[in-house]
Amino acid sequence: MLSQKVSEYLDVGENGITAILNSNEPKQGRIRRLAVRLIVEAMGNEGAKEVSNIDDLICLPLSLWILRNVNEHLLTSRVINHARDLVNDFIESRAVDPDYIPDYARRYSVRMEYDGEDEGFTIPSNEFVTYTSRLSGYRYRLVYQNVLAGVVYADKETAAKVIREAFVRRAFEAYNLIDQGSTTRVLQPMKSSVDEIVEKLQTSGIKKNFDLGDVDFNLFPPCIKEYISQMQDGVNLPHMARFTLVSFLHKIGMSNDDIIGLFKTAPDFRESLTTYQVNHVTGEISSTEYSPPKCNVLQSNHLCYMGEDPICHKDWLKHPLQYYTFKKKPRKPGPGNFRKTRE
């Protein structure tokens, strides 16, 4: 039953984990194997994955315990993102009757209903905004939705994306519920496997420090700082945020190699794909050298993080590059320049 499956995926109670670790039943042995495989596969970027469908996510609670013990946020993000994609693919597939999808959504606290007559889904607008905030593209902005009486009418693909993002949120909540101090004791029966994961992590190349070279991070506008901070925390940036970051860094003089190196900390980093995308945006393999989107475009896509920054609130600021140029321009102290210096 679908709802029963869902409840298993994020049940991280210690008693359940202990039962899995101390059982000789074939099913529990398979869970232990898949829990390790899910983490190991998340360290790589190529090749077939053994954890390849939603049924395999029965291993996720144990994987989260191992991840809590390893305590590497970037790796945790990669694992949860892989699980997220399996959830999304399952919901969008023909294997799921649309009538069951709202039940799946409610397991992650999304109030969703299915309208069989219109073959669509209804989602409260506030929840729609909450769970689509990290999705890139106009089709996920509230202004482009069919909204009536505070309810969004969505197709199956959009409904799947909302559930996918809700799953990610609940997965991180489950991860944070695990007492890290207890993980070493509870995971003792799997100590050799955990040690192997730690060893692989050290050589995987996914733990990288940011190196911005001669570029001054302090001159960046809040949006660019936020994208870099999120990536450092293991967050998958929306497509437009990535595009903005690449085009901005290129315009201020960072080399393509350094930009690609920066993206190595992204949870879903694939070197060949990232290289192609960076070279395309910067005009290396295309006929166009792209510029970052304007501030109003970033605002409409929920990718603006101006906060209380005084420069961002200036009427003349229309573009992230204007911010950088303004901050970089030297100013001489003096009575006539006092106001500008404070800005």
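Scroll up to find the structure.
All values derive from a computational prediction rather than experimental measurement.

A.B. asks: Which parts of the structure should I look at to understand the packing of helix α4 (residues 60–70) against helix α5 (residues 73–92)?
C.D. replies: How two helices sit against one another is set out by the angle between their axes and by the gap between those axes. At their nearest, the axes of α4 and α5 sit 10 Å apart, and the two run at 170 degrees to each other. By the angle between their directions, the pair α4 and α5 is classed as roughly antiparallel. On the side of α4, the interface is formed by Leu60, Leu64 and Leu67, while α5 contributes Leu75, Thr76, Val79, Ile80 and Ala83. Within the contact of α4 with α5, the residues separate by chemical class into seven nonpolar, one polar and no charged.

A.B. asks: Just checking my understanding: could you explain the side chain of Thr274 for this structure?
C.D. replies: Positionally, Thr274 belongs in helix α14 (residues 271–281). Setting aside chain neighbours within four positions, we find Thr274 in contact with Ile260, Phe263 and Phe269.

A.B. asks: Any chance you could explain the sheet that holds strand β3 (residues 146–148) here in plain terms?
C.D. replies: The strands that make up a sheet are held in pairs by hydrogen bonds between backbone atoms, and each pair lies either parallel or antiparallel. Ordered by their spatial adjacency, four strands build an open sheet running β1-β2-β4-β3, and the pairing between neighbours is antiparallel. If you trace the sheet from one side to the other, it starts and ends with β1 (113–115) and β3, each paired once. Each neighbouring strand pair of the sheet contributes to a mean axis angle of 30 degrees, computed without reference to strand direction. Looking at chain direction, β3 and strand β4 (residues 151–154) are connected through three bridges and run antiparallel.

A.B. asks: How should the pairing of β4 be read in this particular structure?
C.D. replies: Along any regular strand, the residues point their side chains to alternate faces of the sheet. Alternating positions in β4 separate cleanly, Val152 and Ala154 being buried on one face and Val151 and Tyr153 remaining unburied on the opposite face. Two strands pair when backbone bridges link them, and strand β2 (residues 120–124) and β4 are joined in this way by four bridges, in the antiparallel orientation. Bridge assignment links Thr122 to a residue of β4, and that residue is Tyr153. Between the antiparallel neighbours β3 and β4 lie two residues, among them Ala149 with a positive phi of about 55 degrees.

Rules and cut-offs
- Residues numbered from 1 in each chain as written.
- Predicted model: local features only at pLDDT ≥ 70, side-chain atom pairs only at ≥ 80, totals over all residues.
- Heavy atoms only, no water.
- Axes fitted to C-alpha atoms, helices over the stretch in contact; angles between N-to-C directions.
- Helix = DSSP H or I, 4+ residues; strand = E, 2+ residues; numbered from the N terminus.
- Parallel < 35°, antiparallel > 145°, perpendicular 65-115°, else oblique.
- Contact = heavy atoms within 4.5 Å.
- Nonpolar A, V, L, I, M, F, W, Y, C, P; charged D, E, K, R; others polar.
- Pairing = 2+ DSSP bridges.
- Buried < 20%, exposed > 50% of the residue type's maximum accessible area, 1.4 Å probe, protein only.

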